[in-house]
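What follows is each chain in one-letter form.
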Amino acid sequence: MAIHENLLGGPPPTHLPDDPEPRELLASGAAPAEVAAKYPASSLAWAQLADEAFEAGRVVESYAYARTGYHRGLDALRRSGWKGHGPVPFEHEPNRGFLRALHALARAAQAIGEQEEYERCSTFLRDSSPTAADTLS
């Protein structure tokens, strides 16, 4: 039996392709806004913008950044064969930008009183990656 074999018969995990340039720029201290402008498809850059805005108390701005990162991530997931459900492992580093944006969207939605969206995004995060839900919360 192969390790990590899906015994429940559900969809296989989705692993986004690696896009190291935005991640490396952010890790080296580049401004997330500059990285998002240069790599607008990078969910990681949008998630970092959302985190910074939230920490500064700019919740609506955080919501907008998170929603952008979330939608860019959905686009990437679909291009990678994702059919709208199934695991998106946090352990696969290229998936983390999408998962962070999804978490940031849930957090900002809750902060602005969008309870249904908060619950939907929180459930989506946990269903996609229990590790991400536990790590990011």
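Residues numbered from 1 in each chain as written. Predicted model: local features only at pLDDT ≥ 70, side-chain atom pairs only at ≥ 80, totals over all residues. Heavy atoms only, no water.

Looking at an unreviewed UniProt entry, one finds the protein chain named DUF3151 domain-containing protein, with Streptomyces lonegramiae as its source organism.

Caption draft 1: Representation of the packing of helix α3 (residues 43–55) against helix α4 (residues 59–79) in the model. Contact geometry for α3 and α4: axes closest at 8 Å, N-to-C directions at 165 degrees. By the angle class used here, α3 and α4 are roughly antiparallel. The chirality of how α3 crosses α4 is left-handed. On α4, the residues that touch Ser43, Trp46, Leu49, Ala50, Ala53 and Phe54 of α3 are Val59, Glu61, Ser62, Tyr65, Ala66, Thr68, Gly69, Arg72 and Gly73. Of the residues that constitute the contact of α3 with α4, the class distribution is eight nonpolar, five polar and two charged. (Axes fitted to C-alpha atoms, helices over the stretch in contact; angles between N-to-C directions. Helix = DSSP H or I, 4+ residues; strand = E, 2+ residues; numbered from the N terminus. Parallel < 35°, antiparallel > 145°, perpendicular 65-115°, else oblique. Left-handed = near helix turned anticlockwise from the far one by under 90°. Contact = heavy atoms within 4.5 Å. Nonpolar A, V, L, I, M, F, W, Y, C, P; charged D, E, K, R; others polar.)

Caption draft 2: Spatial organisation of the side chain of Thr14. Looking at the secondary structure, you find Thr14 in the segment before α1 (20–27). When its relative accessible area of 6% is taken as the criterion, Thr14 is described as buried. When sequence neighbours within four positions are dropped, the list of residues in contact with Thr14 reads Leu77, Ser80, Trp82, Pro87, Val88, Pro89 and Asn95. (Buried < 20%, exposed > 50% of the residue type's maximum accessible area, 1.4 Å probe, protein only.)

Caption draft 3: Up close: the nonpolar core. Of all hydrophobic cores here, the largest spans 24 residues; its most connected members are Tyr70, Leu74, Leu77, Phe98, Leu99, Leu102 and Phe124. The set of elements that each furnish at least two residues to this core consists of α4, α5 (96–111), α6 (115–128) and α7 (130–136). Top element by residues in this core is α5. It accounts for eight residues. Ranked by size, the runner-up nonpolar core spans seven residues in total, among them Leu26, Val35, Trp46 and Leu49. (Core = buried A, V, L, I, M, F, W, Y, C linked by side-chain atoms within 4.5 Å.)

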